[in-house]
Amino acid sequence: MTPTTLRVLRLLALLQDRAHTGRELAQRLGITDRTLRNDIQRLRELGYPVQAERGAIGGYRLGRGSTMPPLLLDDDEAVAVAVAVGLAEDGATGIADIGENVTRALAKLDQILPKRLQRKVTALRNATAIGPATTGSREPDAPVPAAVLTTLAGGIRDGATVELALATDTDTDTDTDTDETFTGTAPFEPYRLINWQRRWYLVAYDLETHAWRAIPVARVRRAELGDRRFAARALPDDDLVAFVMRHIATTGWKVRARVTVHAPAETVIARINPAVGVVEAVDAHSCILLTGADALETIAIYLSMLMMDFRVDEPPELVAHLRTLARRYTAAVADAPE
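Residues numbered from 1 in each chain as written. Predicted model: local features only at pLDDT ≥ 70, side-chain atom pairs only at ≥ 80, totals over all residues. Heavy atoms only, no water.

Trainee: Which residues make up a negative patch on the surface, and what are the values?
Mentor: Negative charge collects at one region of the surface, where Asp 17, Asp 74, Asp 76 and Glu 77 lie side by side. Within the secondary structure, Asp 74 is located in the loop between β2 (59-62) and α4 (75-89). By relative accessible area, Asp 74 is classed as partly exposed at 42%. (Patch = residues over 30% accessible without salt bridge, like charges linked within 9 Å, V, L, I, M, F, W, Y side chains within 5 Å. Areas by Shrake-Rupley, 256 points an atom, 1.4 Å probe, with all protein chains shown as cover. Salt bridge = Lys/Arg side-chain N within 4 Å of Asp/Glu carboxyl O. Lys, Arg positive; Asp, Glu negative; His and termini not counted. Charge placed at Lys NZ, Arg CZ, Asp CG, Glu CD. Helix = DSSP H or I, 4+ residues; strand = E, 2+ residues; numbered from the N terminus. Buried < 20%, exposed > 50% of the residue type's maximum accessible area, 1.4 Å probe, protein only.)

Next comes the structure, spelled out in structure tokens:
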């Protein structure tokens with residue numbers, strides 16, 4: 001690649017970041033104002049809509065054109081885009097008619113990614129399963145650092161232990177990552193990442209408690225690859241997505257409820273998403289639904305969507321909330337025509 005081509009690519013990368021004055025660009029690239037103007041013209045001839053603004057605070061910026069020119073991405077951006085496109089290909093978007101376009105875009109990214117980045121993307125893609133998307137969620141997002149995900153995916157790919165520092169439940173929703181949020185690191189054998197409703201979970205074997213766990217990755221304050229490999233154990237479930245969904249339904253929420261539903265267990269199971277709750281049969285005509293959410297209001301919505309008769313056994317706060325809703329609904333239709 002010629003020095004001129006390299007310089008023009010560097011110029012493009014700068015313009016994709018933000019607007020710059022001509023003097024700033026010339027200084028960053030070590031060129032004269034005349035050479036900068038020539039390079040700007042080269043970009044325009046290639047289809048990049050470089051716009052110039054006059055005045056004391058004027059300069060150059062990349063505008064919107066009539067076609068889609070090639071983009072320059074740094075390493076972190078390239079990995080983020082490739083992973084996001086890969087999740088879209090797996091159906092995580094919920095959009096029905098973009099599959100073919102997503103597949104073509106992913107093929108183009110795979111073709112040009114350097115091997116060091118391709119290894120990261122492939123590890124994360126292969127280590128991730130997508131949870132069911134048939135039930136909506138009003139729960140807040142729980143974003144996680146990309147570096148944590150790539151470390152966990154690397155451990156899954158290589159069969160290597162990971163050392164995790166986990167926040168306590170009360171720290172999960174905070175933004176702090178100081179040493180006060182955890183007591184130390186613990187070793188785990190990582191097996192699978194599950195992405196569900198904009199949240200991430202790690203299926204792992206806890207080497208200290210000797211138990212399988214579904215860990216919300218938002219609780220991981222620090223993740224480091226361990227120094228030993230492990231032989232794969234018998235999994236806790238043939239379907240690890242179902243394993244995580246049961247964990248979410250029974251322990252993963254701030255508010256949990258026990259509800260008696262006056263319908264056969266198989267009817268309720270067919271009606272709900274696995275993440276909404278766990279169903280236990282009582283007799284041929286009723287069952288127990290163990291469910292949860294991050295707020296009482298969300299549980300009330302789930303129960304109304306059942307379209308079945310039910311009785312709330314616990315917690316009492318949910319009973320009170322439903323009584324309030326019942327009064328409001330009754331008042332709303334009191335004078336309505338039959």
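Trainee: Can you explain the packing of helix α10 (residues 296-306) against helix α11 (residues 316-333)? Please cite residues and give values.
Mentor: Contact geometry of α10 with α11 gives a least axis separation of 10 Å together with a crossing angle of 65°. Judged by the inter-axis angle, α10 sits roughly perpendicular to α11. Classified by chirality, the crossing of α11 by α10 is right-handed. Residue-level inspection shows Leu 296, Glu 297, Ile 299, Ala 300 and Leu 303 of α10 in contact with α11, the latter providing Glu 317, Leu 318, His 321, Leu 322 and Leu 325. Tallied by class, the residues present in the contact of α10 with α11 amount to seven nonpolar, one polar and two charged. (Axes fitted to C-alpha atoms, helices over the stretch in contact; angles between N-to-C directions. Parallel < 35°, antiparallel > 145°, perpendicular 65-115°, else oblique. Left-handed = near helix turned anticlockwise from the far one by under 90°. Contact = heavy atoms within 4.5 Å. Nonpolar A, V, L, I, M, F, W, Y, C, P; charged D, E, K, R; others polar.)

Trainee: Go over the pairing of strand β6 (residues 199-206), please, and point to the residues and values.
Mentor: Within β6, eight of the eight residues are buried, which leaves it mostly tucked inside the rest of the structure. Going residue by residue along β6, you find Arg 199, Tyr 201, Val 203 and Tyr 205 tucked away on one face and Trp 200, Leu 202, Ala 204 and Asp 206 tucked away on the opposite face as well. Where strand β5 (residues 185-196) and β6 come together, eight bridges link them in antiparallel fashion. When the bridges of β6 are listed, Glu 189 appears paired with Tyr 205. Connecting β5 to the next strand, β6, in antiparallel fashion are two residues, including Gln 197 with a positive phi near 50°. Pairing between β6 and strand β7 (residues 211-216): six bridges, direction antiparallel. Note on β7: the bridge partner recorded for Asp 206 is Ala 211. Between β6 and β7, which follow one another and run antiparallel, lie four residues, and His 210 among them has a positive phi close to 55°. (Pairing = 2+ DSSP bridges.)

Trainee: Help me get a handle on the sheet that holds strand β12 (residues 310-314), residues and values and all.
Mentor: Strands sit in the order β10-β11-β9-β12 across an open sheet of four strands; the sheet is antiparallel. Only two strands of the sheet have a single partner each, and these edge strands are β10 (277-283) and β12. When strand polarity is set aside, the average angle formed by the axes of neighbouring strands in this sheet is 25°. Summarising the sheet, β10 and strand β11 (residues 286-293) pair through six bridges and their orientation is antiparallel.

Trainee: How would you explain the packing of aromatic side chains if you had to name every residue and give the values?
Mentor: Any pair of aromatic rings gets described here by the distance separating the centres and the angle formed by the planes. Summed over the entire model, instances satisfying the criterion amount to three aromatic pairs. On the numbers, 5.4 Å between centres and 50° between planes, the contact of Tyr 191 with Phe 230 is tilted. Taken together, the residues Tyr 191 in strand β5 and Phe 230 in the loop between β8 (220-229) and α8 (240-251) connect sequence positions 39 residues apart. For the pair shown, Tyr 191 and Phe 230 are each scored as buried. An aromatic cluster of at least three residues, connected via ring pairs, comprises Tyr 191, Tyr 205, Trp 212 and Phe 230. Over the face of the ring belonging to Tyr 205 we find Arg 233, whose NZ or CZ atom lies 3.9 Å from the ring centre. (Phe/Tyr/Trp six-rings, centres within 6.5 Å; stacked < 30°, edge-to-face > 60°. Lys NZ or Arg CZ within 6 Å of the ring centre and 35° of its normal.)

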